[in-house]
Amino acid sequence: MHATTNTTEIFLIAMGIILTVPYLIWRVCRTDYYAPLVVVQIIAGILLGPGILGKLFPDYYAYVFSPAVIAPLNGIAWWAVMLFVCIAGVELDLKRVWTHRGESLTSAGFALGTPLVLGGVAAFGMLAFPGWIGPKAQSWQFVVGIGMACAVTALPILILLMEKLEILRAPLGQRLLRYASLDDIAIWGVLAMILMDWTRVGKQVGFLIAFALVTVLFRKLMRALQERDRWYVALIWLVAIAWGADWSGLHFMVGAFLAGAVMDGEWFDQESMDQFRRYVLLAFMPVFFLSTGLRTKWDVGGAAVFIAAGVLLVASIGGKLLGIRIAGKLLGWSRNETSIIGWLLQTKALIMIIFVNVLLDKQLITNETFTALLLMAVASTMLTIPMVAPKLARDPQLSSKAA
């Protein structure tokens, strides 16, 4: 078989595994209540990585996921995550945030700040042990990076979960989108700060100035175009800004978010945008999940990785619930409403995984830290619907409450 199978055929075998394994687990085991397909795909990526499949069947793992196959898979993964992050940027509705700025800033501020502090404390404790901080990281970058990973709210996954709970278009869902939108901006702003390279700060500042100037022309062009042309021009824009950000040292993910954030959602039909996001999740993102799984390692010891993941999970969920409880008291929310908002905003999954992929790319964290954070993201997302659905059932009027 090895002698007669070429690289293209092995690549297709790998794609078949990537698409088939999570789908079968999701359908046969009926995991949708606890783990939507996107979460199962993340878990499957971990199972197919070197820490699990590579340990159990090293020969088969080396044969299927050889460097010649991983290279094109990485290319698909990069493009998939650029599209996904760009969509997240487009879906920000800053006009609505501004209309409700007092409530939004209070809620988002406490929802972000409290878990960031607790996650930073956990990261500071991790510094006392070898094997967690990356070789190119300064202590402050590691602490702030881990803290922000604990504070992240995954806006695209939040949208998917609220669709499942049938509250996305309800006033409660729109409020949650406002809070998560502000957190999303903070996430990418903090990432840009962490990645600031003072040896290349001139290039980075130059890129940001050029981006601001070109954005004015881009927005005028997009308003003049028909929608069918806007889609194509938006993709060209995405590539150009991602390249510029990466060239300056900020990372192409920061560029992808910036490219989407300066586009107005109203330029595109909402149903078409929803379908596009689903198609990206269906056809491209499974490859990103596999490439994420290939980065998982347990070299500092499986028990240590799980302990670290548990500590980070407590800091993440506990910090988010505590922050929202403080905001709820200030804004006069009921206990049930506060709890629902807190549990939905603690959802991690994709955006956090993308965020920590960047930290790993820049060698600010190790593969073991990445694995612990990945486990934390999966656990936090799996807890969301089981915790929220019963609370919504007890208060069916909540989702129709005025925003």
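Above this text sits the structure in question.
Predicted model only: the values in this text are computed from it and were never measured.

Caption draft 1: Examining the pattern of salt bridges more closely. In this structure the tally under the stated criterion is 6 salt bridges. Notably, a salt bridge pairs R278 with E163, separated by 3.1 Å at the nearest N-O pair. With R278 in helix α14 (residues 270–283) and E163 in helix α9 (residues 155–165), the pair connects residues that are 115 residues apart, well separated along the chain. Judged by relative accessible area, E163 falls into the partly exposed class, the value being 25%. In this structure, the salt-bridge partner of D274 is R277, at a minimum N-O distance of 2.7 Å.

Caption draft 2: Just a nonpolar patch on the surface, in detail. Side chains of V205, I209, L213 and V214 sit close together on the surface and give an oily, nonpolar patch of about 360 Å² of accessible area. Turning to its location among the elements, L213 is positioned in helix α11 (residues 201–224).

Caption draft 3: Inspection of the layout of surface pockets at higher detail. The space that makes up the largest pocket amounts to roughly 740 Å³. Only α6 (94–99), α9, α10 (171–195), α13 (252–261) and α14 provide two or more residues apiece to the lining of the largest pocket. Tallied by class, the residues present in the lining of the largest pocket amount to 15 nonpolar, 4 polar and 11 charged. Along the walls of the second largest pocket sit 16 residues, with P36, L37, V38, L160 and L281 positioned nearest its centre. Broken down by secondary-structure element, the contributors of at least two residues to the lining of the second largest pocket are α2 (37–47), α9 and α14.

Caption draft 4: Structural detail: the environment of I52. As for its placement among the helices and strands, I52 is situated in the loop between α2 and α3 (53–56). Separated by 244 residues in sequence, I52 and T296 have C-alpha atoms that sit 9.1 Å apart.

Caption draft 5: Here's a closer look at empty space enclosed by the protein. Inspection of the entire model under this criterion finds 2 cavities of 30 Å³ or more. Here the largest cavity defines a volume of roughly 130 Å³. What lines the largest cavity is a set of 14 residues, among which W78, F288, R295, N357 and D361 lie closest to the centre. Those elements that place two or more of their residues in the lining of the largest cavity are α5 (67–90), α13, α15 (285–293) and α18 (350–361). For the lining of the largest cavity, a count of residues per class yields 8 nonpolar, 4 polar and 2 charged. When its volume is computed, the second largest cavity comes out at roughly 40 Å³. Forming the walls of the second largest cavity are I18, P22, Q41, A44, G45, L48, P286, F289 and L290.

Caption draft 6: Broad picture of α11. When the terminal C-alpha atoms of α11 are compared, their 35 Å separation across 24 residues agrees well with the 34 Å that a helix rising 1.5 Å per residue should span. The largest bend along α11 reaches roughly 25° and is located at T215. Taken residue by residue, α11 has Q204, F207, F211, T215, F218, R219 and M222 as its buried positions. Packed against the buried residues of α11 are α10, α12 (227–248) and α13.

Caption draft 7: Inspection of the nonpolar core at higher detail. With 134 residues, the main nonpolar core has L73 and M263 as its most contacted residues. Apart from residues no more than four positions distant in its own chain, M263 is found in contact with C86, V90, F218, R219, M222, A234, W237 and F268.

Caption draft 8: Geometry of unusual backbone geometry. One non-glycine residue with positive phi stands out, namely R30, at about 50°. Within the secondary structure layout, R30 lies in the loop between α1 (7–28) and α2. The exposure class of R30 is exposed, given its relative accessible area of 74%.

Caption draft 9: The arrangement of the packing of helix α7 (residues 101–126) against helix α8 (residues 139–151) in detail. One can describe the packing of α7 onto α8 by two numbers: an axis separation of 7 Å at closest approach and a directional angle of 135°. By the criterion of interaxial angle, the relationship of α7 to α8 is oblique. Viewed along their axes, α7 and α8 form a crossing whose handedness is right-handed. Where α7 approaches α8, its residues A111, L112, P115, L116, G119, G120, A123, F124 and M126 are matched on the opposing element by F142, V143, I146, G147, M148, C150 and A151. Across the contact of α7 with α8, the residue classes break down as 13 nonpolar, 3 polar and no charged.

Reading the values: rules and limits
- Residues numbered from 1 in each chain as written.
- Predicted model: local features only at pLDDT ≥ 70, side-chain atom pairs only at ≥ 80, totals over all residues.
- Heavy atoms only, no water.
- Salt bridge = Lys/Arg side-chain N within 4 Å of Asp/Glu carboxyl O.
- Helix = DSSP H or I, 4+ residues; strand = E, 2+ residues; numbered from the N terminus.
- Buried < 20%, exposed > 50% of the residue type's maximum accessible area, 1.4 Å probe, protein only.
- Patch = residues over 30% accessible without salt bridge, like charges linked within 9 Å, V, L, I, M, F, W, Y side chains within 5 Å.
- Areas by Shrake-Rupley, 256 points an atom, 1.4 Å probe, with all protein chains shown as cover.
- 1 Å grid on protein atoms, 1.4 Å probe; cavity = no way out; pocket = protein on both sides within 12 Å on 5 of 7 lines; lining within 4 Å.
- Points joined across faces, edges and corners; volume = space filled by probe spheres on them.
- Nonpolar A, V, L, I, M, F, W, Y, C, P; charged D, E, K, R; others polar.
- Expected span 1.5 Å × (residues − 1).
- Bend = angle between axes of the 7 residues up to and from the residue.
- Contact = heavy atoms within 4.5 Å.
- Core = buried A, V, L, I, M, F, W, Y, C linked by side-chain atoms within 4.5 Å.
- Axes fitted to C-alpha atoms, helices over the stretch in contact; angles between N-to-C directions.
- Parallel < 35°, antiparallel > 145°, perpendicular 65-115°, else oblique.
- Left-handed = near helix turned anticlockwise from the far one by under 90°.

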